[in-house]
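Structural overview
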Amino acid sequence: MESAAQTAVTPAQASAGADGLNLDDLAFDVFARNCPSRGTLEHVTGRWGVLTMGALHEGSLRFNELRRRVDGVSEKMLSQTLHALERDGLVHREAQATNPPRVDYTLTPLGREVSERLLSLITCVEDRMEDVLRARERYDETRGAR
């Protein structure tokens, strides 16, 4: 429940944080249409976001190492995903002035916290895939029998 001091936040209000808005007084509600947490949730829980963060939980990776680890992601989608996660403060990009240039990606402390929760979800899904596959089979049998 929101206290009188807390108000639901709009994207415009959230971006105004640097202009004197006290972010501690805001209540973020992912179920509210204009809450900026929806965008971050989308970045984190989208197919490539989950897999990228899960891969980076294993340690620092270069772009092509990450692309190989996240099998099936295109260069463009990985680049977009990394930009979004970096903007949200979940991934740190470190470019080193070497020849050829070297760029490493790591999780920030916030990214590590979020990825640990994602890995719990991933593990749960992997552990229960036999149940999921049986449920799909039953569903398809009953739907196909109509």
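All residue numbers refer to positions counted from 1 along the written sequence of the respective chain. Reporting in this predicted model follows two pLDDT cut-offs: at least 70 for local features of residues, and 80 or more for side-chain atom pairs to be given and counted; totals over whole chains, interfaces and linings ignore these cut-offs and use all residues. The basis for the side-chain values is all heavy atoms of the structure; hydrogens and waters are excluded.

Turning next to the pairing of strand β5 (residues 102-107). Note that strand β3 (residues 61-62) and β5 share two bridges and pair antiparallel. For L61, the partnering residue across the bridge sits in β5 and is Y105. One requirement defines pairing of two strands: DSSP has to find at least two bridges between them. Numbering of helices and strands runs from the N terminus; a helix is a DSSP stretch of H or I covering at least four residues, while a strand is a stretch of E covering at least two. Strand direction decides the pairing type here: strand β4 (residues 91-96) and β5, joined by six bridges, are antiparallel. Residue pairing across strands places H92 opposite T106, the latter belonging to β5. Counting the residues that bridge the hairpin from β4 to β5 gives five residues.

Turning our eyes to something else, we now look at the packing of helix α3 (residues 47-57) against helix α5 (residues 75-87). Orientation is described by lines fitted to C-alpha atoms, with helices fitted over the stretch in contact, and by angles between N-to-C directions that extend from 0 to 180 degrees. Between α3 and α5, the shortest axis-to-axis distance is 10 Å and the interhelical angle comes to 75°. Comparing the axis directions of α3 and α5 gives the class roughly perpendicular. Of the residues in α5, those in contact with W48, G49, T52, M53 and L56 of α3 are M77, L78, T81, L82 and L85. Classification used: nonpolar for Ala, Val, Leu, Ile, Met, Phe, Trp, Tyr, Cys and Pro, charged for Asp, Glu, Lys and Arg, polar for all others including Gly. When grouped by side-chain class, the residues that make up the contact of α3 with α5 number seven nonpolar, three polar and no charged. An angle below 35 degrees is treated as roughly parallel, one above 145 as roughly antiparallel, one from 65 to 115 as roughly perpendicular, and anything else as oblique. By the convention used here, residues are in contact when the closest approach between their heavy atoms is within 4.5 Å.

The span expected for a helix works out to 1.5 Å for each residue beyond the first. Taking 1.5 Å per residue as the helical rise, helix α6 (residues 109-127) with its 19 residues ought to reach 27 Å, and the 27 Å between its terminal C-alpha atoms agrees with that figure. What α6 keeps buried is the set G111, S115 and L118. The buried side chains of α6 occupy one side of the element, clustering within an arc of 65° when seen end-on. Facing away from the buried side of α6, by more than 90 degrees, are the exposed residues P109, R117 and D127. Here the buried face of α6 lies against α2 (37-45), α3 and β5. Burial status follows relative accessibility: with a 1.4 Å probe on protein chains alone, a residue under 20% of its type maximum counts as buried, one over 50% as exposed, and anything between as partly exposed. Within this analysis, the arc is defined by the directions that extend from the helix axis to the C-beta atoms.

The subject of this paragraph is the nonpolar core. Considering soluble globular proteins, one finds that nonpolar side chains tend to be buried as a cluster. Ranked by size, the top nonpolar core spans 20 residues in total, and within it M53, L56, L66, L82, V91 and Y105 carry the most contacts. Among the elements of the structure, α3, α4 (63-69), α5 and β5 are those that each provide at least two residues to this core. Broken down by element, the residue count for this core peaks at five residues, all from α3. Not counting residues within four places of it along the chain, the set of residues in contact with L56 comprises L61, L66, L82, V91, Y105, T106, L107 and R112. By nonpolar core we mean a set of buried residues, namely Ala, Val, Leu, Ile, Met, Phe, Trp, Tyr and Cys, connected to one another through side-chain atoms within 4.5 Å.

Function cannot be read off these values alone, since they describe shape.
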